[in-house]
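So you can see what is in the structure, the chains are spelled out below.
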Amino acid sequence: MARDVDLGRRDVEGVVHPFTDLAALGESGPLVLERGRGIYVYDNEGREYIEGLSGLWCASLGYGNEELAEAAREQMGRLSFSHLFGGKSHPLAIELAEKLKETAPCPASRVLFCSGGSEANDMQVKLTWYYNNARGRTRKKKIISRHRAYHGVTVASGSLTGLPVVHGDFDLPIGGILHTACPHHYREGRDGETEEEFTARLAAELEELIIREGPETIAALIAEPVMGAAGVIVPPEGYFEAITAVLEKYDVRLISDEVICGFGRTGEMFGCQALGFRPHSISVAKAMTSACFPLAAITVEEDLYQAMVDESRKQGLFGHGYTYTGHPVGCAVALKVLEIYERDDMVGQAARKGRLFEAHVARLAGHPLVGEGRALGMVGAVELVADKKSGKPFDPASRVGARAVEFAQRRGLICRAMGDSVALCPPLIIGEDEMEEMFRRLEAALDDTERWARGEGLF
Ligand SMILES: Cc1ncc(COP(=O)(O)O)c(C=O)c1O
C-alpha cells in the first residue's frame, strides 16, 4: 500500500481531536498510527512504539489478537446486529449478563449495557434519580464525586468529572452534583499530616458536606478505586473503609467506576476488591472487550431493578436504552476476552507482573525529577516536580509533563501526561523483558526532560 504522506495535513483539516490543544495541533500535527501487534504500535512512517498506556487504559490484551478478531468476524457473519428494545434479545447478551453477574463484586441482579464509560456513568446518575423517585424519596437526588475524578464527558458524567477543563465554558457541572476532596496525600495533605490523619479528615469533610446539604438530599457517591486521569491516585490505606462508614450512616449508594480498574488492572478482578470496599453498583467498559469494540455496562441491584419494574407499570415501559445496547459483536468480543482472562489467569498474571511494575515505579521515584511514584498492580505514574525535597510543582505553563511525553515518544514509548504526572498502564500481556524495556525508555525520557528543564532554567 502506498504511504500517504499527506495524512497529517488531512487529519488537521478534517478531524476534531478530543482532549487535545487544538490551537497547537496545527503546528505539531498528529501521530498517525497504522497497525499494532502485542504491546507495540506502528506509525505511518513505520516507527515502532511500546503502547505504554494500552491506548487509553483499555487495550488490556494488546493489539492484533487473532482470537478476538475471529470472535468478531464470526459474530458479524452470524448476526451482525440485534438490539434489546421491546423485549428482543440474543444469546450473547444473555450469556455476557450472566458472566458479569457471576464476577461482579457487588449485589448484581441485572446488567444494563451501553457503549462507553461516559454512558455507563450517565446511566448511574439517571438510575439513581429514577430509583429514588420510584421509592418516593424525591429529594434524595444529589450525587457526590471527587475533585480531579474522571467519569466521562456527557452532560451528567462530565459533571461528575472533577476536572476544570471538562467544565469550563461547557456550563458544567449541572446542579445536584457535588465534589469532595481527592484522596491524594502527597498533594492534598497538610503540613505534617499523616496518611491516617488525612484519611480521617477527608471522611469528616465528607460527613460535613452531607450534613450541610441535608442527608435526605444525598443519593450516591461515585468513585474510581484508583483515580486514573487525576494522575493515577492510589488512595491511602483505610480511605474507602472510612468513607464507606460515612455513606452507610446516611443511606448513600456507593458506585465504583471500574472503567479503568476493572478486569485485573490492579491485580484483583476489580479495583474495589484491591482496595477493600463493596459498592452497590459498578460501571465497566474498556478492558471488558480489550477495547476491540465499544461496549460498557452497569450492574443493577435487585431493589433498584424492582423499582424499575414498578416504574414500568407506572410509565408504561422503562424509557431508556441505546441502539447499541448489548451489541452482539461487542458481546461476542467481551465473552472471548473474559474467556481468555480466565484461561490465561490474566488477573493472577497482573498481580505477579504488578509487583514488578510497582518495583520499577518505586525505583523511578528516586529520579531527580520525580516527586512521587504511585502504582497499584499494572497502573502507575511518576509526578515530576521542580523541587524533589519540598515537592514544589513546576509552573503549569512550562508543560513539563507534556515535554516528558514528547521525549518518551521520540524514544519509542507512548505514555500520557496528566499535568506533570506521567502515567503508564501497559497491556496486561506485557512480558517481563518488555516491561524492563518500557521502563528503560521512560527513564531515558526523564533524563532528556531533566536536561531540557535545566537548560530552560526550570530546575
Ligand atoms: C474511570 C473512567 N470512567 C469513565 C470514563 C469514560 O469512558 P469513555 O471514554 O468510554 O466514555 C473513563 C475514560 O477514560 C474513565 O477513565
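I will try to describe carefully the structure that is included in this document. (Residues numbered from 1 in each chain as written. Predicted model: local features only at pLDDT ≥ 70, side-chain atom pairs only at ≥ 80, totals over all residues. Heavy atoms only, no water.)

1. Quick look at the packing of aromatic side chains
Here comes step 1: Counting across every chain of the model gives nine aromatic pairs.
Here comes step 2: When the centroid spacing of 6.3 Å and the interplanar angle of 90° are considered together, the rings of phenylalanine 81 and tyrosine 324 count as edge-to-face. Of this pair, phenylalanine 81 sits in the loop between helix H4 (66–78) and helix H5 (91–103) while tyrosine 324 is found in the loop between helix H13 (302–315) and helix H14 (328–343), placing the two residues 243 residues apart along the sequence.
Here comes step 3: Given a relative accessible area of 34%, phenylalanine 81 falls into the partly exposed group.
Here comes step 4: Members of the aromatic cluster, joined through ring pairs, are Tyr239, Phe240 and Phe277.
Here comes step 5: Over the face of the ring belonging to tyrosine 42 we find arginine 35, whose NZ or CZ atom lies 4.1 Å from the ring centre.
Here comes step 6: The lysine or arginine in question, arginine 110, covers the ring of tyrosine 305, its NZ or CZ lying 4.0 Å from the ring centre. (Phe/Tyr/Trp six-rings, centres within 6.5 Å; stacked < 30°, edge-to-face > 60°. Helix = DSSP H or I, 4+ residues; strand = E, 2+ residues; numbered from the N terminus. Buried < 20%, exposed > 50% of the residue type's maximum accessible area, 1.4 Å probe, protein only. Lys NZ or Arg CZ within 6 Å of the ring centre and 35° of its normal.)

2. Structural notes on the layout of surface pockets
Here comes step 1: Taken as a whole, the second largest pocket spans an internal volume of roughly 760 Å³.
Here comes step 2: Lining the second largest pocket we find 26 residues, and of these Leu84, Val111, Leu112, Tyr305 and Phe318 sit closest to its centre.
Here comes step 3: Residue assignment for the lining of the second largest pocket shows that the elements contributing at least two residues are H5, strand S4 (110–114) and H13.
Here comes step 4: Sorting elements by how many residues they give to the lining of the second largest pocket places H5 first, with five residues.
Here comes step 5: Residues that form the lining of the second largest pocket fall into these classes: 14 nonpolar, eight polar and four charged. (1 Å grid on protein atoms, 1.4 Å probe; cavity = no way out; pocket = protein on both sides within 12 Å on 5 of 7 lines; lining within 4 Å. Points joined across faces, edges and corners; volume = space filled by probe spheres on them. Nonpolar A, V, L, I, M, F, W, Y, C, P; charged D, E, K, R; others polar.)

3. Digging into the site of the ligand
Here comes step 1: The environment of the ligand is made up of Gly116, Gly117, Ser118, Asn121, Tyr150, His151, Gly152, Glu224, Asp257, Val259, Ile260 and Lys286.
Here comes step 2: Note that an oxygen atom of the ligand is positioned 2.9 Å from one of the backbone N or O atoms of glycine 117.
Here comes step 3: Between the ligand and lysine 286, the relevant distance is 2.9 Å, taken from an oxygen atom to a side-chain nitrogen or oxygen of the residue.
Here comes step 4: Against a free-state accessible area of 390 Å², the protein chains account for coverage of 80% of the ligand.
Here comes step 5: Examining the composition of the shell around the ligand, we find that three residues originate from one element, helix H6 (residues 117–134), more than from any other.
Here comes step 6: Here the residues of the shell around the ligand sort into three nonpolar, six polar and three charged. (Near = heavy atom within 4 Å. Polar contact = N/O pair within 3.5 Å; in protein donor to acceptor, adjacent residues only side chain to side chain. Areas by Shrake-Rupley, 256 points an atom, 1.4 Å probe, with all protein chains shown as cover.)

4. Observations concerning the pairing of strand S9 (residues 281–284)
Here comes step 1: Burial along S9 is two-sided: Ser281 and Ser283 and Ile282 and Val284, pointing in opposite directions, are all buried.
Here comes step 2: Both strand S8 (residues 253–257) and S9 contribute to a ladder of three bridges, which runs parallel. Bridge pairing in S9 places isoleucine 255 opposite serine 281.
Here comes step 3: With two bridges connecting them, S9 and strand S10 (residues 296–300) associate as antiparallel partners. Within S10, the position partnered with valine 284 by the bridge is alanine 297. (Pairing = 2+ DSSP bridges.)

5. Notes on the environment of phenylalanine 113
Here comes step 1: When you line up the elements, phenylalanine 113 lands in strand S4.
Here comes step 2: On a C-alpha basis, the gap between phenylalanine 113 and alanine 351 in space is 28 Å, while along the polypeptide they are 238 residues apart.

6. A closer look at H5
Residues separated by three or four positions in an α-helix point in the same direction, a consequence of the helix having 3.6 residues per turn.
Here comes step 1: An ideal rise of 1.5 Å per residue puts 18 Å on 13 residues; H5 measures up with 19 Å between its terminal C-alpha atoms.
Here comes step 2: The elements touched by buried residues of H5 are H4, S4, S10 and H14. (Expected span 1.5 Å × (residues − 1). Contact = heavy atoms within 4.5 Å.)

7. Section: a nonpolar patch on the surface
Here comes step 1: A cluster of nonpolar side chains, contributed by Phe19, Val153 and Val165, occupies part of the molecular surface with about 310 Å² of accessible area.
Here comes step 2: Following the sequence through the fold, valine 165 ends up in helix H8 (residues 164–167). (Patch = residues over 30% accessible without salt bridge, like charges linked within 9 Å, V, L, I, M, F, W, Y side chains within 5 Å. Salt bridge = Lys/Arg side-chain N within 4 Å of Asp/Glu carboxyl O.)

8. Examining the packing of helix H15 (residues 346–364) against helix H17 (residues 432–455)
Here comes step 1: For the pair H15 and H17, the least separation of the axes is 11 Å and the interaxial angle reads 20°. If you check the angle between H15 and H17, you find them roughly parallel. The interaxial crossing formed by H15 with H17 has right-handed handedness. Of the residues in H17, those touching H15 at Lys353, Leu356, Phe357, His360, Val361, Arg363 and Leu364 are Glu432, Met435, Glu436, Met438, Phe439, Leu442, Glu443 and Leu446. (Axes fitted to C-alpha atoms, helices over the stretch in contact; angles between N-to-C directions. Parallel < 35°, antiparallel > 145°, perpendicular 65-115°, else oblique. Left-handed = near helix turned anticlockwise from the far one by under 90°.)

9. Brief notes about a negative patch on the surface
Here comes step 1: There is a patch of like negative charges on the surface, built from Glu95, Glu98, Glu102 and Glu342.
Here comes step 2: When residues in the negative patch are grouped by element, the largest group, three residues, is from H5.
Here comes step 3: Within the element layout of this structure, glutamate 95 appears in helix H5.
Here comes step 4: On the basis of relative accessible area, glutamate 95 is assigned to the partly exposed category, the value being 36%. (Lys, Arg positive; Asp, Glu negative; His and termini not counted. Charge placed at Lys NZ, Arg CZ, Asp CG, Glu CD.)

10. Quick notes on unusual backbone geometry
Here comes step 1: Following leucine 172, the chain continues into proline 173 via a peptide bond in cis, with omega recorded as 0°.
Here comes step 2: By secondary structure assignment, the location of proline 173 is in the loop between H8 and strand S6 (177–180).
Here comes step 3: Even without glycine at this site, valine 232 takes up a positive phi of about 55°.
Here comes step 4: If you trace the backbone, valine 232 turns up in the loop between strand S7 (218–223) and helix H11 (239–249).
Here comes step 5: Judged by its relative accessible area of 0%, valine 232 falls in the buried class.

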